[in-house]
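Descriptive analysis of the structure
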Amino acid sequence: MSLTNLNPCRWLIDIGFVLKTPMHLGNGQDEESQKDDQEVWRAGIMLDYTGKPCIPGASLKGALRALADRQHILDDKLKRLFGHADGDKTIAGLAEFRYAFAQKEIKEESRPHVAIDRVTGTAQD
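Quick summary incoming for the structure in this document. (Residues numbered from 1 in each chain as written. Predicted model: local features only at pLDDT ≥ 70, side-chain atom pairs only at ≥ 80, totals over all residues. Heavy atoms only, no water.)

Secondary structure assignment for the protein yields two helices and eight strands. Starting at the N terminus and ending at the C terminus, the protein contains elements arranged as β-β-β-β-β-α-α-β-β-β. The buried share of the protein, taken over its 125 residues, is 10%. Within the protein, contacts between residues separated by at least 24 positions form 27% of all contacts whose residues are at least 6 apart in sequence. When the accessible surface of the protein is split by element, carbon and sulfur atoms take 53% of a total near 11,200 Å². (Helix = DSSP H or I, 4+ residues; strand = E, 2+ residues; numbered from the N terminus. Buried < 20%, exposed > 50% of the residue type's maximum accessible area, 1.4 Å probe, protein only. Contact = heavy atoms within 4.5 Å. Areas by Shrake-Rupley, 256 points an atom, 1.4 Å probe, with all protein chains shown as cover.)

Once that is clear, we can look at the pattern of salt bridges. In the structure shown here, the tally under the stated rule is three salt bridges. With its nearest N and O atoms 3.5 Å apart, the salt bridge here joins aspartate 69 to arginine 65. Within this pair, aspartate 69 and its partner arginine 65 are both found in helix 1 (residues 57-70), separated by four residues, close to a single helical turn. The exposure class assigned to aspartate 69 is partly exposed, which follows from its relative accessible area of 39%. Of the residues examined, arginine 65 reaches a relative accessible area of 23% and is grouped as partly exposed. A salt bridge links arginine 98 to glutamate 96, with the nearest nitrogen and oxygen atoms 3.2 Å apart. (Salt bridge = Lys/Arg side-chain N within 4 Å of Asp/Glu carboxyl O.)

A few words on a nonpolar patch on the surface. On the surface, a cluster of nonpolar side chains totalling about 490 Å² of accessible area is made up of Ile13, Ile15, Phe17, Leu19 and Met23. Within the secondary structure, phenylalanine 17 is located in the loop between strand 2 (10-14) and strand 3 (26-35). According to the relative accessible area criterion, phenylalanine 17 is partly exposed, its value standing at 41%. (Patch = residues over 30% accessible without salt bridge, like charges linked within 9 Å, V, L, I, M, F, W, Y side chains within 5 Å.)

We now examine the packing of aromatic side chains. In the structure shown here, the tally under the stated rule is three aromatic pairs. With a centroid separation of 6.4 Å and 70° between ring planes, the pair formed by tyrosine 49 and phenylalanine 101 is classed as edge-to-face. Taken together, the residues tyrosine 49 in the loop between strand 4 (38-45) and strand 5 (54-55) and phenylalanine 101 in strand 8 (residues 100-101) connect sequence positions 52 residues apart. Relative to phenylalanine 101, the ring of tyrosine 99 lies with its centre 6.3 Å away and its plane at 20°, an arrangement referred to as stacked. Tyrosine 99 gets classed as partly exposed once you look at its relative accessible area, which sits at 43%. For phenylalanine 101, a relative accessible area of 40% translates into the label partly exposed. Here a set of aromatic residues connected by ring pairs shows up, and it is made of Tyr49, Tyr99 and Phe101. (Phe/Tyr/Trp six-rings, centres within 6.5 Å; stacked < 30°, edge-to-face > 60°.)

Take a look at the structure:
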């Protein structure tokens, strides 16, 4: 982790982290492909400008906000840091979250899953 004082009111905090469990950040677009002569769908992955997986700043912000909630950090501090809605206005927080880029090669793996039909609530064929 490194801290850089950009000016008296602004800091840049540069951190690194390691994912201990698999993570999927989709891009909202599934891809059709073939495997063992069967049609399969592969969930699209969020990629950076070089084609490597990345984590959007909004996802990091949401995860850190959820962690702060679980740690019972005072609500006024959370509002200052992360921002909040005040009636019909949105108040920006002091923290700005940017994309996290992979520093090493990412191992891609496939995991089968079952799709749930939104209407019936049962497994889709």
